[in-house]
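Residue-level structural notes
For reference, the chains in residue letters:
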2 protein chains.
Amino acid sequence: MFTSHNEPQPADFADVRATNLAVALRFVRENAPCSRADIAASTGLNKATVSSLVADLIERRLLRETGLTEHRVGRPATMLVLDGSPFAAVGIEVNADYITAVAIDLKGEELLNWRRSFPGGDSTTGQAVAAIAAVARRAVSRMAKEARQVLGLTVAVPGLVEVDGSVRQAADLGWRDADLGGDLTKALRDPGFPVVVDNDANLAALAEHRFGPHRNTANLVYVTGEARVAAGIVLDGRVRRGALGFSGEIGHIPVDPAGPLCRCGRRGCLEAVAGVGAILRRTAPDAASSELELEIDEVVRRAGAGDPEILALLDQAGRDLGRGLAVVANLLDPEVIILGGYYIPLAPWLISRAEEEMRRGIVAPGGGACRLEASALGYGAAALGAAATVLDRVDSGRLPAQPS
Amino acid sequence: MFTSHNEPQPADFADVRATNLAVALRFVRENAPCSRADIAASTGLNKATVSSLVADLIERRLLRETGLTEHRVGRPATMLVLDGSPFAAVGIEVNADYITAVAIDLKGEELLNWRRSFPGGDSTTGQAVAAIAAVARRAVSRMAKEARQVLGLTVAVPGLVEVDGSVRQAADLGWRDADLGGDLTKALRDPGFPVVVDNDANLAALAEHRFGPHRNTANLVYVTGEARVAAGIVLDGRVRRGALGFSGEIGHIPVDPAGPLCRCGRRGCLEAVAGVGAILRRTAPDAASSELELEIDEVVRRAGAGDPEILALLDQAGRDLGRGLAVVANLLDPEVIILGGYYIPLAPWLISRAEEEMRRGIVAPGGGACRLEASALGYGAAALGAAATVLDRVDSGRLPAQPS
């Protein structure tokens, strides 16, 4: 069957050289080690052009030659791999109870992964900006010690982030209409790299699509497991943000109208019955919102010890989660829905019940294609995805300046 | 902010000529009347190549020169427009109570638009195939009288259609695992053009995106208003079908758990409280499923006359519809949700209440970007979208053979 997204896409010829550099770079990213001839054969660029592009990319230290050669017909070909040793990309996630920072190299390999507790729910925007800036400065300085230049910083925020990066609303942080990108750039004193802000669920979905066990799966949904429940949506291989950047707001899918009051004013929304906050309110009623992780550890300990009250509560939460996710699966028909954040440690007691209930609610015979899994990327998915957007920018042709 | 779908897309060079023909054709589609120089300037193809491509497209009667010329600097340029006079694309929609057929020319202009009643719910698959084939033969023969060759037939089906075109399930038609494409091709005795099957909501969404007042809106959702309630989803300018082609199943979003029993076995699903069938069950309890249109006419007449019972029922249905669509809007953040089918004649009494309720349920401040509107394309949207897929196939480079 014909699918309309296969239509030919004429390149923008405004900057053919930059486009071709990006095409060659992306080819090596996906096919390394590979030769100049491989690039020419697969991209349709002629060999002289490829040689010139590769020379440029080597000079910019984005590619390097390996000792490896490949003998086919004719003379041996020198193989190319990604270099990027003078560069780093930084992602930071801010949340109600912690800040996570990740730095990766051009290949996506992790250079640092920090997590520190942070009372996001009890801080002003100014305190949050100061805390994020402090973590960013430490990360930049660590990278400088490794002789790496930071190419960009992206910050993941749990809330509604417009496509221009302004934070319209982040309830768990108490933010509304905050110019986080601008404030951070100021706090970092014009650091010489772009500071970008995006939604945490979108970024975590991007990380799953790029680095997770389901990488390159065309259609996947990532569900955040923080105080807030939201989704990042990948369809046909790209994060889909919607008109304003507000897609993925699944927290208020009606699940149980006899359920507890939701902060939106209705009863029994997905977040109110199966969000991590809701689970903790029932399993650990005295928990403080800034110590979610400790409380989750305690719930996990009690579940592991077979505490029947905890097991029953998690079973019910799994069921409710599955009912809400069935709505998502029916609407989007993804290959997989991935549960992140604090759902990960709870998964052993949540996920099979949730999947069972989800499949029951899916209209397609046999429950369609959709599986439910816990993220293999751990708590750092959004920060990792944030850093990955910096690589995407390079891959799309905005190359770092040549080293002086 | 960087959005990852802007990454450079190297063309597939397997068939550069076909790709370039398609690029030139699409440029003229979007910019006619235009000159060869315009094509060269915008696509980056050199002038000699463009001349050769245009000569080929004129010979294939896909383009023609107009008498118009444009004087800029230098000599006058002959202007090009789409031709396509020897060709037609046919779309047919089959539903529980009617079959619609639309034929369009290469420019998307309507050549025929037929609608005949058909007891889809009470027919066997064989009877349906025979009825669709009969309509298709009449359309092909009408086109033949106009000296037009049919380039393809696409059939819109209300149900789960796999990406290969087999119908997994179409409850309103009583179909399950039907090879409609294969059966139709046989019934038409290998007609010499592709016969393709797709989901009605996807095709109607495509029609809205291509021909409707919101054409080229990046993110829109079309909601079918037949017995079944389902959605076609356009995000970032393309129909998003999901993993198996089953996206858009919004009929079973829970809306009112105290509501009527749904055919899925639960209570108060969107379809059971606000589907056209549900509305008729309450407003016209004796209605036959094969005469929806007559019954809708009667409801419209009574609503127009101010019948308070009907007005109250439509008001409640609008409210329930809005609650369900809020879930869709929160998940996808589209610019607009378009109500089709029998929602169109009911819109004057449904839509403002539905929009009000939808906005109340949208998480984004101010109800986000999403508007709710009735389709301007009428009952033929799915058939029109079906025919449009044939044009898409041409635009993507699968050109008709040169006339002999």
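Residues numbered from 1 in each chain as written. Chains lettered and ligands numbered in written order. Predicted model: local features only at pLDDT ≥ 70, side-chain atom pairs only at ≥ 80, totals over all residues. Heavy atoms only, no water.

Turning our attention to the UniProt feature "domain: HTH marR-type" (unreviewed entry) in chain A. If you check UniProt for "domain: HTH marR-type" (unreviewed entry), the listed places come out as residues 24-66 of chain A in our numbering. Counted over residues 24-66 of chain A, helix gives 67% and strand 14%. Its end C-alpha atoms are 17 Å apart. (UniProt positions renumbered as here; feature names shortened; annotations may be inferred. Helix = DSSP H or I, 4+ residues; strand = E, 2+ residues; numbered from the N terminus.)

Our focus in this paragraph is the packing of aromatic side chains. The relative placement of two aromatic rings is captured by the distance of their centres and the angle of their planes. Evaluation of the coordinates by the stated rule reveals two aromatic pairs over all chains. Sitting above the plane of the Trp114 of chain A ring, Arg138 of chain A keeps its charged end 4.4 Å from the centroid. (Phe/Tyr/Trp six-rings, centres within 6.5 Å; stacked < 30°, edge-to-face > 60°. Lys NZ or Arg CZ within 6 Å of the ring centre and 35° of its normal.)

Moving on to the sheet that holds strand S12 (residues 220-223) of chain A. Residues and elements named next belong to chain A. Pairing is mixed across the open sheet formed by five strands, whose spatial order is S14-S13-S12-S15-S16. Each having just a single partner strand, strand S14 (238-239) and strand S16 (371-374) make up the two edges of the open sheet. In this sheet, strand S13 (residues 231-235) lies alongside S12 in antiparallel orientation, the contact comprising four bridges. By the bridge assignment for S13, Tyr222 is matched with Gly232. Each of S12, strand S15 (336-339) and S16 is contacted by helix H11 (residues 343-361), which is oriented at about 175° to S16, the strand it contacts most. (Pairing = 2+ DSSP bridges. Contact = heavy atoms within 4.5 Å. Axes fitted to C-alpha atoms, helices over the stretch in contact; angles between N-to-C directions.)

Another aspect to go through is the relation of the copies chain A and chain B. Each of the two chain copies goes to the other by way of a rotation about an axis and a shift along it. Each copy of the sequence occupies a distinct position, and chain A is placed on chain B by a rotation of 180° and an axial shift of 0.0 Å, giving an RMSD of 0.0 Å. Here the transformation between the copies is reduced to the relation of a two-fold axis. Most of the interface of chain A is mirrored in chain B, where 100% of its interface residues again form contacts. (Least-squares fit on C-alpha atoms with pLDDT ≥ 70 in both.)

Let us now look at the interface of chain A and chain B. Between chain A and chain B, the contact holds 70 residues from the first and 71 residues from the second. Taking both partners together, chain A and chain B bury about 6,100 Å²; carbon and sulfur atoms supply 62% of that area. At the surface where chain A touches chain B, the tally comes to two salt bridges. With its nearest N and O atoms 2.9 Å apart, the salt bridge here joins Asp236 of chain B to Arg240 of chain A. Looking at the side of chain A that touches chain B, the elements with two or more residues in it are helix H1 (16-31), strand S9 (167-170), strand S11 (195-199), S13, S14, helix H10 (308-332), H11 and helix H12 (381-395) of chain A. Element by element, the count of residues in the side of chain A that touches chain B is highest for H10 of chain A, at six residues. Tallied by class, the residues present in the side of chain A that touches chain B amount to 30 nonpolar, 19 polar and 21 charged. (Buried area = accessible area lost by both parts, 1.4 Å probe. Salt bridge = Lys/Arg side-chain N within 4 Å of Asp/Glu carboxyl O. Nonpolar A, V, L, I, M, F, W, Y, C, P; charged D, E, K, R; others polar.)

Residues and elements named next belong to chain A. Side chains of Arg116, Arg138, Arg142 and Lys145 sit close together on the surface and give a patch of like positive charge. It is helix H4 (residues 125-145) that contributes the most residues to the positive patch, three residues altogether. For Arg116, a relative accessible area of 38% gives the class partly exposed. (Patch = residues over 30% accessible without salt bridge, like charges linked within 9 Å, V, L, I, M, F, W, Y side chains within 5 Å. Areas by Shrake-Rupley, 256 points an atom, 1.4 Å probe, with all protein chains shown as cover. Lys, Arg positive; Asp, Glu negative; His and termini not counted. Charge placed at Lys NZ, Arg CZ, Asp CG, Glu CD. Buried < 20%, exposed > 50% of the residue type's maximum accessible area, 1.4 Å probe, protein only.)

The parts lose accessible area when they come together, and the size of an interface is often stated as this lost area. Examined at the domain level, chain A breaks down into domain 1 (13-82), domain 2 (87-204 + 382-395) and domain 3 (213-376). Placing the centre of domain 1 of chain A and that of domain 3 of chain A at their C-alpha centroids yields a distance of 43 Å. (Domains from an automatic or database assignment.)

For the rest of this paragraph, the subject is the packing of helix H9 (residues 292-304) of chain B against helix H11 (residues 343-361) of chain B. Residue and element names in this part refer to chain B. At a closest axis distance of 10 Å, the pairing of H9 and H11 adopts a crossing angle of 30°. Taken together, H9 and H11 sit at an angle that is classed as roughly parallel. Here H9 runs over H11; the crossing is left-handed. Where H9 approaches H11, its residues Ile296, Val299, Val300, Ala303 and Gly304 are matched on the opposing element by Pro345, Leu346 and Trp349. Tallied by class, the residues present in the contact of H9 with H11 amount to seven nonpolar, one polar and no charged. (Parallel < 35°, antiparallel > 145°, perpendicular 65-115°, else oblique. Left-handed = near helix turned anticlockwise from the far one by under 90°.)

Further remarks concern helix H3 (residues 47-59) of chain B. Residue and element names in this part refer to chain B. Taking 1.5 Å as the rise per residue, H3 with 13 residues should run 18 Å; its terminal C-alpha atoms sit 18 Å apart, in good agreement. The N-cap of H3, judged by a side-chain oxygen 3.1 Å from the amide nitrogen of Ala48 a few residues on, is Asn46. At the exit of H3 stands Arg61, carrying a positive phi of roughly 60°. (Expected span 1.5 Å × (residues − 1). Polar contact = N/O pair within 3.5 Å; in protein donor to acceptor, adjacent residues only side chain to side chain.)

Our focus in this paragraph is the pairing of strand S15 (residues 336-339) of chain B. Residue and element names in this part refer to chain B. Of the two faces of S15, the one holding Val336 and Ile338 and the one holding Ile337 and Leu339 are both buried throughout. Bridging between strand S12 (residues 220-223) and S15 involves four bridges; their strand directions are parallel. The residue bridging Tyr222 from the neighbouring strand is Ile338, located in S15. Direction of pairing for S15 relative to strand S16 (residues 371-374): parallel, over a ladder of four bridges. Among the inter-strand pairings, Ile338 is bridged to a residue of S16, identified as Glu373. For the crossover from S15 across H11 to S16, the handedness is right-handed. (Right-handed = clockwise from strand over helix to strand, strands pointing away.)

This part takes up the pairing of strand S13 (residues 231-235) of chain B. Residues and elements named next belong to chain B. Taking burial as the measure, the five residues of S13 include five buried ones, the bulk of the element. Taking every second residue as pointing to the same face, both faces of S13 are buried, with Ala231, Ile233 and Leu235 on one and Gly232 and Val234 on the other. In terms of strand pairing, S13 meets strand S14 (residues 238-239) through two bridges, oriented antiparallel. Opposite Val234, over in S14, you have Val239 as the bridge partner. Between S13 and the antiparallel strand that follows it, S14, lie two residues; Asp236 among them carries a positive phi value of about 50°.

Turning next to the state of the cysteines. The full count for this structure, using the stated rule, is zero disulfides over all chains. The cysteine Cys370 of chain B is free of any disulfide, with Cys264 of chain A supplying the nearest cysteine sulfur at 18 Å. (Disulfide = S-S within 2.5 Å.)

Residue and element names in this part refer to chain A. Pairing in this open sheet of five strands is mixed, and the strands run S6-S5-S4-S7-S11 from one edge to the other. Of all the strands in the sheet, just strand S6 (110-117) and S11 have a single pairing partner and so form its edges. When the angles between neighbouring strand axes are averaged without regard to direction, this sheet yields 15°. In this sheet, S6 lies alongside strand S5 (residues 98-104) in antiparallel orientation, the contact comprising seven bridges. Bridging from a neighbouring strand, Tyr98 pairs with Ser117 of S6. Set on the sheet, H4 makes contact with strand S4 (87-94), S5, S6 and strand S7 (149-157); between it and S6 the angle comes to about 155°. Contacts from H12 reach S4, S5, S7 and S11, with the element oriented near 140° to S4.

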